[in-house]
There are 2 protein chains.
Amino acid sequence: MNKTHSGWVISVRLTPPSLKDNTADADRLIHELKNQLSADIIDIDLPLLRHLPALLRESGYAVRCLCFKDQGCWRLVGVKAGDDPSIFFGVAVDLGTTRVVLRLINLETGDAVHETAFDNPQIPIGPDILARIHFASTDEGLKAIQRLIVDGMNEQFRQMCELSGVRVADIHFLAVSGNTSMVHLFLALPPHHIIREPYIPAINVMGTIPAKDIGVSGSDAARIYVFPNVGSYFGGDLISGILYSGLHRRDEISILVDVGTNAEVVLGNKDWLMACAGAAGPALEGGVSKIGTTAGPGVIDRVVIDPETRRIALHTIDELPPRGICGSGMIDLMAQLFLSGMVDIRGRLVDVNCGDRLREADGIRRIVLADAHESATGRELSISQVDIDSLIRSKAAMYTILETITRYVGVTFDDFATFFVAGTFGSFINPRSAITIGMIPDLPETTYQTLGNSSLGGAALVLTSRAALDEVAAIRDRITYLELNVNQEFMNRFSAAKFLPHTNPSLFPSVSVCNLNLAGLT
Amino acid sequence: MNKTHSGWVISVRLTPPSLKDNTADADRLIHELKNQLSADIIDIDLPLLRHLPALLRESGYAVRCLCFKDQGCWRLVGVKAGDDPSIFFGVAVDLGTTRVVLRLINLETGDAVHETAFDNPQIPIGPDILARIHFASTDEGLKAIQRLIVDGMNEQFRQMCELSGVRVADIHFLAVSGNTSMVHLFLALPPHHIIREPYIPAINVMGTIPAKDIGVSGSDAARIYVFPNVGSYFGGDLISGILYSGLHRRDEISILVDVGTNAEVVLGNKDWLMACAGAAGPALEGGVSKIGTTAGPGVIDRVVIDPETRRIALHTIDELPPRGICGSGMIDLMAQLFLSGMVDIRGRLVDVNCGDRLREADGIRRIVLADAHESATGRELSISQVDIDSLIRSKAAMYTILETITRYVGVTFDDFATFFVAGTFGSFINPRSAITIGMIPDLPETTYQTLGNSSLGGAALVLTSRAALDEVAAIRDRITYLELNVNQEFMNRFSAAKFLPHTNPSLFPSVSVCNLNLAGLT
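These lines cover the structure that appears in this document, whether it is placed above or below. All values derive from a computational prediction rather than experimental measurement. By convention here, each chain's residues receive numbers from 1 onward along its written sequence. Labels follow written order: the first chain is A, the first ligand is 1, and so on. Totals for whole chains, interfaces and linings use every residue, but because this is a predicted model, local features are given only for residues with pLDDT of at least 70 and side-chain atom pairs only at 80 or more, for both listing and counting. Processing note: side-chain calculations cover all non-hydrogen atoms of the structure and skip hydrogens and water entirely.

For helices the rule is a DSSP run of H or I covering at least 4 residues; for strands it is a run of E covering at least 2, with both sets numbered from the N terminus onward. Scanning chain A from terminus to terminus reveals 16 helices and 22 strands. Atoms counted for the radius of gyration: C-alpha only. Globule rule: 2.2 Å times residue count to the power 0.38. Scaling as 2.2 N^0.38, a compact globule of 522 residues should have a C-alpha radius of gyration of about 24 Å, and chain A matches this with 26 Å. Across its three principal directions, the C-alpha atoms of chain A cover 95 × 50 × 45 Å. Each residue's exposure class comes from its accessible area (1.4 Å probe, protein chains only) as a fraction of the maximum for that residue type: buried when under 20%, exposed when over 50%, partly exposed otherwise. Burial analysis of chain A (522 residues in total) assigns 59% to the buried set. Contacts between residues were defined by any pair of non-hydrogen atoms, one from each residue, lying within 4.5 Å. Nonlocal contacts in chain A, meaning residues at least 24 apart in sequence, comprise 64% of its contacts between residues at least 6 apart. His is not counted here, nor are the chain ends, while Lys and Arg score as positive and Asp and Glu score as negative. Where a charge sits is defined by one atom per residue type, namely NZ (Lys), CZ (Arg), CG (Asp) or CD (Glu). Positive and negative charge centroids in chain A, built from 45 and 59 side chains respectively, lie 1 Å apart.

Right, dumping it as structure tokens:
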């Protein structure tokens with residue numbers, strides 16, 4: 001693949017001006033770019049224009065241009081001398097509510113140069129987006145919360161560039177993928193109506209934004225592309241994820257699920273895309289139990305329980321003494337508790353099988369994973385019946401959402417060629433465990449494919465491929481958004497899914513019936 | 001004419017959002033505008049987006065929108081509630097090297113509200129553009145000279161708005177018409193190559209510019225439209241002038257002449273436009289003789305010499321004691337001196353006819369218009385033989401340019417249906433006098449039509465009419481620019497034109513032969 005040509009950097013050599021051809025500098029360059037890009041209009045900002053006359057002459061009229069398609073028009077975003085050894089860089093941004101991930105990309109080769117992540121600096125305002133939206137209800141609040149993310153990003157740019165030997169001024173383009181609310185807070189657009197019926201964003205589809213207009217570092221003509229939203233609860237991060245998965249290009253039907261507090265689901269193929277989103281609850285992210293936490297050193301990420309001895313073996317990240325449990329650890333734990341008969345099909349802790357691991361205080365039963373002397377915190381690590389119930393509601397919500405959208409479009413789970421699991425968290429889920437607890441359908445494990453950070457992946461694609469950008473608009477326009485009605489039918493399905501793995505075990509034939517019976521009989 | 005519809009302000013009433021139609025605010029508005037404007041793309045800047053959610057809800061989804069076509073795309077520049085009594089204002093700007101003229105326009109009715117003019121604050125850097133371009137050869141110089149004009153403009157905006165009871169924040173759009181160099185200095189684009197062979201501007205055709213990007217006051221999303229240039233020596237002010245004259249819409253051939261230091265000429269009709277520009281010399285503007293000055297109180301603007309007594313009667317502006325002479329006064333004077341036989345056909349002062357008005361010092365002869373005791377300055381006001389020679393070279397250059405372009409396109413002066421004289425200065429010229437000295441062709445005086453400030457007039461048109469903006473692009477694209485080659489043929493014509501009115505008096509049948517003979521015989 002000729003990267004230079006399918007990407008956004010174009011080399012041009014111009015005929016120098018003469019008395020017989022005294023076309024202006026910018027017009028001369030743009031005329032040639034129009035030819036090469038088959039573009040009708042190419043816009044150019046003042047900061048670039050100011051450099052252009054000297055640059056063209058010093059380069060002998062041989063230059064490299066960074067262009068970008070902006071809502072159907074084109075825009076010249078950067079120009080360098082043909083022999084300038086410096087490089088056009090871009091940054092793909094996964095603008096998460098909790099974590100922000102940046103990938104520095106050489107726009108001329110398409111290569112990733114560096115990747116870094118940092119906690120969203122808005123977290124102190126509120127860990128969840130609702131608190132931040134309330135904080136942003138005044139102009140000052142909105143500006144302050146924008147400053148937090150922009151300043152944080154700029155500081156990371158500085159560090160990332162220093163580590164990579166890149167000048168911040170060589171960052172010419174950003175592609176930002178985030179949920180609708182985060183994008184509003186990033187651009188200081190009032191987010192008020194996103195969370196109030198009928199849930200209206202300020203904008204879904206926008207052009208590229210001058211980076212300096214919101215204070216983001218980079219070249220003086222740097223621009224920011226923001227993935228379009230479908231709506232308040234279906235953001236550009238999911239469009240980006242679909243792009244990255246490629247499900248919109250396939251003949252067969254695939255499904256893409258972003259597992260988190262909100263479960264976002266897209267189902268479709270090259271002809272149609274159906275999406276929905278619903279609250280699955282924070283339990284799936286490990287955000288509910290007292291010891292629940294995001295993945296990190298010392299965090300329990302895998303659990304195995306010997307079905308004979310019922311000994312609980314914990315695996316922690318970096319194999320340090322345990323200090324908490326992440327979402328994938330919780331799902332593993334739940335599956336293992338179930339398979340070993342330590343919880344029954346309703347998710348209730350079974351006395352006889354839990355042995356001395358089972359404790360009780362204030363009428364709440366809990367299963368101890370590590371005693372105080374075994375843990376990194378010096379405190380007992382345990383999961384209570386309340387935590388388990390919460391996880392079961394979350395997994396049931398997830399399954400019900402999957403069931404609802406699948407039935408809505410008139411297909412069955414068996415029609416899925418691929419079941420994409422997106423999101424950093426999703427990548428760590430053991431599909432076998434998720435099937436065991438009935439959170440996801442009982443499909444062959446090879447059907448499941450984890451995408452990693454698909455939001456970041458899609459942003460990186462847009463930075464390096466013109467075709468990818470064109471696909472974004474096509475994806476957005478093709479998505480039908482299904483509003484999930486929490487009606488009686490939905491509630492019936494949800495109730496049925498609140499069992500392990502389900503009230504109807506024939507839906508989960510691969511989950512050992514032996515244990516099901518065992519658990520069911522206690 | 002339905003002003004609202006042919007102009008840039010569109011009223012729209014939107015269906016409010018609902019759970020069944022949760023299109024984002026901006027997308028909802030833009031969708032409706034696209035329908036009304038038959039536009040493919042409508043861009044919107046962040047500052048407007050930030051106001052939009054509250055504005056739509058407070059207005060009950062009935063709003064007035066200021067839109068503008070930007071290089072083929074559309075742009076939303078302002079939004080107000082439908083019942084907001086405040087008004088969208090625009091400013092038409094004639095960005096002259098010497099004078100800057102502003103006209104405040106109500107964009108909803110098209111009415112001019114106020115007009116004001118001020119000396120270009122860059123004059124202290126250099127009265128002529130060359131000195132300013134040299135000053136702007138460093139980044140700091142360029143920025144400083146831009147600041148001068150922008151600060152001056154902002155101060156005038158403030159005063160103009162105060163006088164008119166308009167808020168500066170209600171200025172949403174500017175249309176700026178200026179020569180290529182002035183536009184470069186206004187936008188801080190490096191002007192260096194404009195004045196060096198092969199004379200290349202940084203840009204000829206540009207999109208609208210955010211006013212805040214160059215520090216111009218107005219609404220926070222205000223934009224500036226700058227008329228496109230044809231080249232370094234044919235600026236947007238002339239495109240604007242053509243637009244205002246309407247010669248590009250006529251069946252018959254007309255000619256438009258902007259008389260100044262540079263003579264700019266456009267010839268054509270609805271099918272073709274041919275343009276050229278050439279140095280005519282500052283003499284025509286009254287900028288050469290020691291007493292030459294721009295029009296103002298006490299400045300000689302008309303001269304009558306009694307052919308019998310040869311008494312010189314001066315008319316001054318506001319009928320104050322004379323302090324100088326302006327360009328139109330010089331042309332009048334020259335014509336009267338010639339008709340009264342006080343100069344001969346070569347423009348030489350004739351002793352016998354000048355009487356005691358003729359003085360001489362250091363070998364240079366001069367004709368006295370006012371003795372020291374008669375003038376406002378307390379010094380003698382006189383025109384020297386050197387001044388006269390300079391004026392004759394200028395008028396000869398003008399005539400030669402007119403002759404050259406007319407012959408080039410294969411027509412004659414008699415083919416002109418209208419001879420438009422543009423520019424503030426041009427408006428004051430007495431065509432009869434200009435014909436008498438052979439500066440302009442000997443056409444019936446009714447053929448001559450003064451346009452006043454056509455550059456400002458064209459800018460005002462663009463602010464109030466969509467059709468006018470479309471015409472600008474058509475005019476620019478249709479103009480063929482004729483590079484004047486100062487070759488032997490040109491020099492021959494120039495030599496022939498250095499007589500009063502011409503070596504070939506049959507070209508000027510209306511100029512009294514009697515006097516010609518008289519003058520020729522001395």
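Having seen the structure, we can now continue with the description.
Attention shifts here to the pattern of salt bridges. Two side chains that carry opposite charge are able to pair once their charged atoms sit near each other. Residues and elements named next belong to chain A. Take a side-chain nitrogen of Lys or Arg and a carboxyl oxygen of Asp or Glu: if they are within 4 Å of each other, that pair is a salt bridge. Enumeration over the complete set of coordinates arrives at 56 salt bridges over all chains. Lys69 is paired through a salt bridge with Asp470; the nearest N and O atoms lie 2.8 Å apart. Placement of the pair is Lys69 in strand S3 (residues 62-70) and Asp470 in helix H14 (residues 466-478), with a sequence separation of 401 residues. Accessibility expressed as a relative area gives 22% for Lys69, which makes it partly exposed. Under the relative-accessibility criterion, Asp470 is labelled partly exposed at 39%. Salt bridges sharing partners connect three or more residues here, namely Asp43, Asp45, Asp70, Arg75 and Arg223.

Bringing the state of the cysteines into the picture now. By definition, disulfides here are pairs of cysteine sulfur atoms that lie within 2.5 Å. Enumeration over the complete set of coordinates arrives at one disulfide over all chains. Paired through a disulfide, A:Cys73 and B:Cys73 show a sulfur-sulfur distance of 2.1 Å. Torsion about the S-S bond of the A:Cys73 and B:Cys73 cystine: about -60 degrees, corresponding to left-handed handedness. With one member in each of two chains, A:Cys73 in strand S4 (residues 73-81) and B:Cys73 in strand S4 (residues 73-81) form a pair that bridges those chains. Of the two residues, A:Cys73 and B:Cys73, both sit in the buried class. Note on A:Cys65: no disulfide assigned, nearest cysteine sulfur contributed by A:Cys67 at a separation of 5.5 Å.

Residues and elements named next belong to chain A. Structurally, the position occupied by Leu33 is in helix H2 (residues 25-37). In sequence terms Leu33 and Met330 are 297 residues apart; their C-alpha atoms lie 55 Å from each other. Once residues lying within four places of it in the same chain are set aside, the contact partners of Leu33 are Ile10, Val12, Ser38, Ile42, Cys65, Cys67 and Leu76.

All names here are of chain B. Given the number of residues in a helix, its expected span is that number minus one, multiplied by 1.5 Å. The end-to-end C-alpha separation of helix H3 (residues 46-58) is 19 Å, in line with the 18 Å expected for 13 residues at 1.5 Å each. Bending of H3 peaks at approximately 45 degrees at the position of Leu52, with proline Pro53 no more than four residues after it. Turning to H3, its buried residues are Leu46, Pro47, Leu48, Leu49, Leu52, Pro53, Leu55 and Leu56. What the bend at a residue measures is the angle between two axes, fitted to the seven residues ending there and to the seven starting there.

Cavities and pockets were defined on a 1 Å grid built over protein atoms only: a cavity is a set of grid points that admits a 1.4 Å probe from which the probe cannot escape, a pocket is an open set flanked by protein on both sides within 12 Å along at least five of seven lines, and lining residues are those with an atom within 4 Å of any such point. Grid points are joined across faces, edges and corners, and a volume is the space filled by probe spheres set on the points. A complete count under the given rule lists seven cavities of 30 Å³ or more for this structure. One number sums up the size of the largest cavity: a volume of about 390 Å³. Forming the boundary of the largest cavity are 29 residues, of which A:Asp45, A:Pro210, A:Arg223, B:Asp45 and B:Arg223 lie nearest the centre. Of all the secondary structure elements, the ones that give two or more residues to the lining of the largest cavity are strand S2 (42-44), helix H3 (46-58) and strand S9 (209-210) of chain A together with strand S2 (42-44), H3 and strand S9 (209-210) of chain B. Top element by residues in the lining of the largest cavity is H3(A). It accounts for three residues.

Residues and elements named next belong to chain B. Strand order in the open sheet made by the three strands is S15-S14-S16, with mixed pairing throughout. The sheet is open, and its two edges are formed by strand S15 (312-316) and strand S16 (324-325), each paired on a single side. Only strands that DSSP links by at least two bridges are regarded as paired with each other. The sheet contact formed by strand S14 (residues 299-305) and S16 spans two bridges and is parallel. Its bridge partner lying in S16, Val299 is registered against Gly324.

This brings us to the packing of aromatic side chains. Residue and element names in this part refer to chain A. Note on ring pairs: Phe, Tyr and Trp rings are taken, using the six-membered ring of Trp, and paired if centres are within 6.5 Å. Classes follow the plane angle, with under 30 degrees stacked, over 60 edge-to-face and the rest tilted. For the structure on display, the rule yields 24 aromatic pairs over all chains. When the centroid spacing of 4.4 Å and the interplanar angle of 40 degrees are considered together, the rings of Trp8 and Phe68 count as tilted. Here the residue Trp8 occupies a position in the loop between helix H1 (3-6) and strand S1 (9-13), and Phe68 occupies one in strand S3, the gap between them amounting to 60 residues. Accessibility expressed as a relative area gives 3% for Trp8, which makes it buried. Ring-pair connections join several aromatic residues into one group, and the members of that group are Trp8, Phe68, Trp74, Phe173, Tyr225 and Phe227. Of note, Lys80 hangs over the ring of Phe88, and the distance from its end group to the ring centre comes to 5.2 Å. Cation placement over rings: the criterion is NZ of Lys or CZ of Arg within 6 Å of the ring centroid and within 35° of the ring normal.

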